[in-house]
Amino acid sequence: MATASMSKRRQKGGDETGVRERILKAAFAAFMRSGYATTSMLEIATRARVSKRELYALVGNKQEMLIACISNRARRLDAPSNLPVPRDRETLTQVLTSFGTKLVREVSDPTVIAVFRLAIAEAVQAPEVARALNSIGREASRAALRKIMAQAQASGLLAGRPAEVAQQFAGLLWGDLMVSLLLGVAERPNPREIAGRARAAAAAFLQLHPLPNH
């Protein structure tokens, strides 16, 4: 009896997870189509094929759905878990190239670009979209890059504040690509172009930051 009861609880938990994912997918699609401010809970419930009661019970209100949608995508912006701690300039180059490649690949994904466009479009009517994107989505990549720079500084490979040098590397990495993607005047770079962009940014960054004792 205990085993059967546990099995039922697992099944129920799995069902709820599936329904929650369906709700978030429906919410994201509705936000993209109608805009965050004008999307109703009823529209989301209809798209997800659930009742409004289930909507609130499994996810919460509309703002909580927005945060969940952005958080799901923000996880992709963390630094790769297998990056080594930079102990020399060669390793630092590899780490920056690897991180830069992943960052551009993930952020240039059409669904991520769509979230940025949504935040811009809703800047006046629903500024919470931009605040959530900035504090959750963008902060994930900024924190990961600051950590890399702090490790390099601790190893004596860099001088300067981690936040400032991280911002400088990000500027070299992106150039005007993000604006071009948002405007729809540039296509998403292919994997080879992304890797080349990351290598060039890492090389330019290290040229600007020779070893502190030099």
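The structure contained in this document is the topic of the report that follows. Being a predicted model, the structure only gives us computed values, none of them experimental.

Points about the pattern of salt bridges
Two side chains bearing opposite charge may form a pair once their charged atoms approach each other closely. Under the counting rule described, the total for this entry stands at five salt bridges. Counted as one network, the salt bridges with shared partners bring together E139, R142 and R146.

Points about the packing of aromatic side chains
Under the counting rule described, the total for this entry stands at two aromatic pairs. Ring geometry for F31 against Y36: centres 5.2 Å apart, planes inclined by 65 degrees, an arrangement best described as edge-to-face. Here F31 matches Y36 in class, with each residue buried. Over the aromatic face of Y36 sits the side chain of K62, whose NZ or CZ is 4.7 Å from the ring centroid.

Quick look at the packing of helix 8 (residues 162-174) against helix 10 (residues 191-208)
Two measures define how a pair of helices packs: the angle their axes make with one another and the distance between the axes. In contact at an axis separation of 8 Å, helix 8 and helix 10 are set at 135 degrees when each is read in the N-to-C sense. As far as their axial angle goes, helix 10 and helix 8 are oblique. Note on packing geometry: the crossing formed by helix 8 with helix 10 is right-handed. Two secondary-structure elements touch here, helix 8 through V165, Q168, F169, L172, L173 and W174 and helix 10 through R197, A198, A201, A202, A204, F205 and L208. Tallied by class, residues from the contact of helix 8 with helix 10 come to 11 nonpolar, one polar and one charged.

The rules we used
- Residues numbered from 1 in each chain as written.
- Predicted model: local features only at pLDDT ≥ 70, side-chain atom pairs only at ≥ 80, totals over all residues.
- Heavy atoms only, no water.
- Salt bridge = Lys/Arg side-chain N within 4 Å of Asp/Glu carboxyl O.
- Phe/Tyr/Trp six-rings, centres within 6.5 Å; stacked < 30°, edge-to-face > 60°.
- Buried < 20%, exposed > 50% of the residue type's maximum accessible area, 1.4 Å probe, protein only.
- Lys NZ or Arg CZ within 6 Å of the ring centre and 35° of its normal.
- Axes fitted to C-alpha atoms, helices over the stretch in contact; angles between N-to-C directions.
- Helix = DSSP H or I, 4+ residues; strand = E, 2+ residues; numbered from the N terminus.
- Parallel < 35°, antiparallel > 145°, perpendicular 65-115°, else oblique.
- Left-handed = near helix turned anticlockwise from the far one by under 90°.
- Contact = heavy atoms within 4.5 Å.
- Nonpolar A, V, L, I, M, F, W, Y, C, P; charged D, E, K, R; others polar.

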